[in-house]
Structure formats: C-alpha cells, structure tokens
Amino acid sequence: MERSLVLIKPDAIQRGLAGEIITRLERKGLKIVALKMLHMDKALAQRHYAVHKGKAFFDGLVNFITSSPIIAIVFQGENAVEIIRQMMGETDPANAHPGTIRGDFGIDIGYNLIHGSDSLENASKEIDLFFSGEEILDYDREIDKWIS
Ligand code: DAT
Ligand code: MG
C-alpha cells in the first residue's frame, strides 16, 4: 500500500482551509496514518525543497513555508501518490482545473495551499524528514474492504 506526504501549507492554515483539504483526501478513501502540526524551520525547509535549490523562487519558497505553521500528514492507500497529485491539481493554481484543490482555492503559484509527494521514492524520503517510524500508525479500518 502506498504512502505519500502531504503538507497543508501556511496559506491554507491561515485561510481556514485545512479541514476542507483533509476532508477531500479522507473522503476519497485515503487513510491518515500520521499527522502533526509544526512550524517548519529553515533547515527543514531547505532539506524538503532541496531539489529546487538554486532556482529563482527557492528563497521565497523557503520564506513562505516557514512563515506560519503547517500540518504534515501521511496518507496511505492504493496509488496514493498519483491520486493525491491529481486531486491537488497543477502547481500553478491559475492552470489547475476546477475540482482540484489548487484549482478551487488558489490563484497564485506562490500560494498553492498543498504539497504532495511526486513519486514513491520521494514520498519515502519526505515522510522520513517529518515523521519517525513510531509516529506512523498502521491500523485497520472496517471500511477499507469497501474502498480497494
Ligand atoms: P509541486 O508543489 O506541484 O510539486 P514543484 O515541486 O515544482 O511543484 O515546486 C515546489 C513549490 O515551489 C511549488 O508548490 C510552488 C513553488 N514554485 C514552483 N515553481 C515556481 C515558480 N515558477 N515561481 C514561484 N514559485 C514556484
Ligand atoms: Mg514538488
């Protein structure tokens, strides 16, 4: 079963959209197996966004993600990585389709509300940045047999 890291970004928390975003992913059938609220520091932000180091938007991105608390969540489910990417929509909310989280709630690439891992390999690395093994809870839900 796949796992993916989702971050509810500072703009979503500030705008009161955390519940809406979590609800969408939860209702899709994905299972929350870890969750915490935290205020990311620069070091964690730079590690999380290491692939973007050197790009013009890197410093702004680090400033944004460290500007206010976030919620980090590990979602588990069949094909979770790809499903979450589809539900997020395009990186730039201006291009994201209606019905997606970014398409419904954002208009600017600097305020795109949510992070989701883009591959299984990156999901594993990102989950390790935010959660220890003991913080990830493996449990059964009765409804899972009706989901996949
Ligand atoms: P995604 O979050 O869809 O995986 P990404 O990994 O390419 O997108 O970029 C990480 C974040 O960096 C993205 O959510 C918003 C910001 N970003 C990306 N491209 C940008 C750009 N051209 N200008 C400003 N911010 C950008
Ligand atoms: Mg990315």
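Heads up: these notes are all about the structure in this document. (Residues numbered from 1 in each chain as written. Chains lettered and ligands numbered in written order. Predicted model: local features only at pLDDT ≥ 70, side-chain atom pairs only at ≥ 80, totals over all residues. Heavy atoms only, no water.)

Side note on the environment of Gly116
The residue Gly116 is located in strand E4 (residues 114-116) in this model. Between the C-alpha atoms of Gly116 and Met87, which are 29 residues apart in sequence, the distance is 9.7 Å. (Helix = DSSP H or I, 4+ residues; strand = E, 2+ residues; numbered from the N terminus.)

Observations regarding the packing of aromatic side chains
Overall, the coordinates contain one aromatic pair when judged by the stated rule. Taken together, a centroid distance of 5.5 Å and an interplanar angle of 80 degrees make the contact between Phe64 and Tyr111 edge-to-face. Here the residue Phe64 occupies a position in helix H4 (residues 58-65), and Tyr111 occupies one in the loop between helix H6 (101-105) and E4, the gap between them amounting to 47 residues. Take Phe64: its relative accessible area is 11%, and that puts it in the buried class. Here Lys31 stacks its cationic end above the ring of Tyr139, 4.9 Å away from the centre of that ring. (Phe/Tyr/Trp six-rings, centres within 6.5 Å; stacked < 30°, edge-to-face > 60°. Buried < 20%, exposed > 50% of the residue type's maximum accessible area, 1.4 Å probe, protein only. Lys NZ or Arg CZ within 6 Å of the ring centre and 35° of its normal.)

Overview of the pattern of salt bridges
All chains considered together, the criterion is met by seven salt bridges. When the shortest N-O distance is used, the salt bridge between Glu135 and Lys36 registers 3.1 Å. Here the residue Glu135 occupies a position in the segment after helix H7 (120-130), and Lys36 occupies one in strand E2 (residues 31-38), the gap between them amounting to 99 residues. The partly exposed category is assigned to Lys36, whose relative accessible area is 23%. We note a salt bridge from Lys125 to Glu121, for which the minimum N-O separation is 3.6 Å. Of this pair, Lys125 and Glu121 are both found in helix H7, four residues apart, which corresponds to roughly one turn of the helix. The network of salt bridges with shared partners includes Glu20, Arg24 and Asp104. (Salt bridge = Lys/Arg side-chain N within 4 Å of Asp/Glu carboxyl O.)

Looking at the sheet that holds strand E1 (residues 2-8)
Strand order in this open sheet of four strands is E2-E3-E1-E4, and the pairing throughout is antiparallel. The open sheet has two free edges, formed respectively by E2 and E4, since each of these has just one partner strand. Recorded for the sheet is a direction-independent mean angle of 15 degrees between the axes of neighbouring strands. Of the strand pairs in this sheet, E2 and strand E3 (residues 70-77) are connected by seven bridges, and their pairing is antiparallel. (Pairing = 2+ DSSP bridges. Axes fitted to C-alpha atoms, helices over the stretch in contact; angles between N-to-C directions.)

Observations regarding the site of ligand 1
Around ligand 1, the neighbouring residues are Lys9, Tyr49, His52, Phe57, Leu61, Arg85, Thr91, Arg102, Ile109 and Asn112. Measuring from an oxygen atom of ligand 1, one finds a side-chain N or O atom of His52 at 2.9 Å. Contacts to ligand 1 include Asn112, whose side-chain N or O atom sits 2.8 Å from an oxygen atom. Out of a free accessible area of 510 Å², ligand 1 has 73% covered by protein chains. Here the residues of the shell around ligand 1 sort into four nonpolar, three polar and three charged. (Near = heavy atom within 4 Å. Polar contact = N/O pair within 3.5 Å; in protein donor to acceptor, adjacent residues only side chain to side chain. Areas by Shrake-Rupley, 256 points an atom, 1.4 Å probe, with all protein chains shown as cover. Nonpolar A, V, L, I, M, F, W, Y, C, P; charged D, E, K, R; others polar.)

Some words on the environment of Ala43
Mapping Ala43 onto the fold places it in helix H3 (residues 42-48). Here Ala43 falls in the partly exposed class, since its relative accessible area comes to 47%. Sequence-wise, Ala43 and Thr66 are 23 residues apart; in three dimensions their C-alpha atoms are separated by 9.7 Å.

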